[in-house]
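Spelled out from the first residue to the last, the chains are:
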Amino acid sequence: MSGWRIFLILGILVLIISSGCMEWQPRAFLSRSKYKLTISTNEPIHNLTFYLPLPVKNDIPQVGELPISQSEFERSNTSAEIVKSPPGIDEVDLSPGDAFWFVVIRMDSLFPTDQYSVEISDYHTGLVPPVEFIQTLTPIGNESIILPKLNFTYSSPCPPVQQIQSHLYFDKNAIPQDTVIFTDYMASPSTRMFMQFSQNGLNQWQEGYDDWRFNSYDDSFIWEHEGSSHGWYLVGGTFRAGSGSYPDPSHPDWQNLLKTSGADFCL
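A quick note: this is a predicted structure, and the numbers were derived from the prediction, not measured. (Residues numbered from 1 in each chain as written. Predicted model: local features only at pLDDT ≥ 70, side-chain atom pairs only at ≥ 80, totals over all residues. Heavy atoms only, no water.)

Another point: the packing of aromatic side chains. Counted under the stated rule, the structure contains 14 aromatic pairs. Ring geometry for Phe170 versus Tyr246: centroids 5.4 Å apart, planes at 85°, classification edge-to-face. Taken together, the residues span a long stretch of sequence, with Phe170 in the loop between β11 (167-169) and β12 (174-186) and Tyr246 in strand β15 (residues 229-247) at a distance of 76 residues. Pair check on accessibility: Phe170 and Tyr246 agree, each one buried. Between Trp223 and Tyr233 the ring centres are 5.5 Å apart and the planes differ by 55°, which places this aromatic pair in the tilted class. Of the two residues, Trp223 is situated in strand β14 (residues 211-226) and Tyr233 in strand β15; the sequence distance between them amounts to ten residues. Taking relative accessible area as the criterion, Trp223 reaches 5% and is therefore assigned buried. You can call Tyr233 partly exposed: its relative accessible area is 21%. Put simply, the rings of Tyr51, Phe102, Phe182 and Trp232 touch in pairs and so form one group of aromatic residues. Residue placement shows Lys149 over the ring face of Phe152; its charged tip is 5.5 Å from the ring centre. (Phe/Tyr/Trp six-rings, centres within 6.5 Å; stacked < 30°, edge-to-face > 60°. Helix = DSSP H or I, 4+ residues; strand = E, 2+ residues; numbered from the N terminus. Buried < 20%, exposed > 50% of the residue type's maximum accessible area, 1.4 Å probe, protein only. Lys NZ or Arg CZ within 6 Å of the ring centre and 35° of its normal.)

What follows is the structure, encoded as structure tokens:
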């Protein structure tokens, strides 16, 4: 075999090996914080008023790093206002002095064919991983969560229950919780109202040839009601943190990445 062919083959092998190593390096990092609200009914309802709790971070109503605007909730037949400690909240069994953020939504009407929905997202790419990841393992006190929470007992995450290659896995504990909402509308006894609102955070990245990894937390509530409604109600929900896979800081892939970025490790 001629010399130039040997050099060509060696060059191709070097490219394949180097590209393969690069492919295995964690990359394509993104994070997303999202709030979602949906309200629907099986029969027409008119003159509706809702007081709904908002996700907050550092006592500011926001989704991730994005402040929440009342315009996100406004529609042609719907007005909105963001308030702190709304009138009547003192009727609820909360700790004295506590103050929480609510959105006040007033609708002229709501029909079965027109589900009311709001979605607010804060999306980031080009992160310095994992220091700029959302803290989905410990979101309480660090990320946007829906407040107030009642009948809620939070426990810090336990040590990882499983380690596979460069990833750690934690118990997917679902913690029951309640919050409060105010609703006011007249409806027939057969009317069924359904409401769901949630705040969640997600980190995602790519490894290997096409292996996508993620971890997340989810703070969600569901309310269903029949007939008319006038007053404050407890709404049940579930809080989940530590879902998915997490980087193992001792693994060489992540150690090399941290050296390159100059960042400290943070789950």
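Still more ground to cover, so stick around.
Time to look at the pattern of salt bridges. Inspection of the entire model under this criterion finds four salt bridges. Between Glu143 and Lys57 there is a salt bridge whose closest N-O contact spans 3.9 Å. Placement of Glu143 in the loop between β8 (116-125) and β9 (145-146) and of Lys57 in strand β3 (residues 55-57) is noted, with a sequence separation of 86 residues between them. Residue classification places Lys57 among the buried residues on the basis of a relative accessible area of 13%. One salt-bridge network, held together by shared partners, links Lys57, Glu65 and Glu143. (Salt bridge = Lys/Arg side-chain N within 4 Å of Asp/Glu carboxyl O.)

So, about the environment of Asp253. Within the secondary structure, Asp253 is located in helix α2 (residues 252-261). For Asp253, a relative accessible area of 24% puts it in the partly exposed group.

Membership of the largest hydrophobic core comes to 29 residues, with the highest contact counts inside it found for Leu37, Ile39, Phe50 and Phe73. Residue assignment for this core shows that the elements contributing at least two residues are β1 (27-41), β2 (45-53), β7 (101-110), β8, β12, β13 (192-207) and β14. Excluding anything up to four places from it in sequence, Ile39 contacts Phe50, Leu52, Met107, Leu110, Gln115, Tyr116, Met193, Phe194 and Met195. Ranked by size, the runner-up nonpolar core spans twelve residues in total, among them Tyr51, Val83, Phe102 and Val104. (Core = buried A, V, L, I, M, F, W, Y, C linked by side-chain atoms within 4.5 Å. Contact = heavy atoms within 4.5 Å.)

Before going further, it helps to spend a moment on the sheet that holds strand β5 (residues 66-67). The four strands lie next to each other as β5-β4-β3-β9, forming an open sheet whose pairing is antiparallel. Lying at the two open borders of the sheet, with one neighbouring strand each, are β5 and β9. As paired strands, β3 and β9 are joined by two bridges and run antiparallel to one another. Within β9, the position partnered with Pro55 by the bridge is Ile146. (Pairing = 2+ DSSP bridges.)

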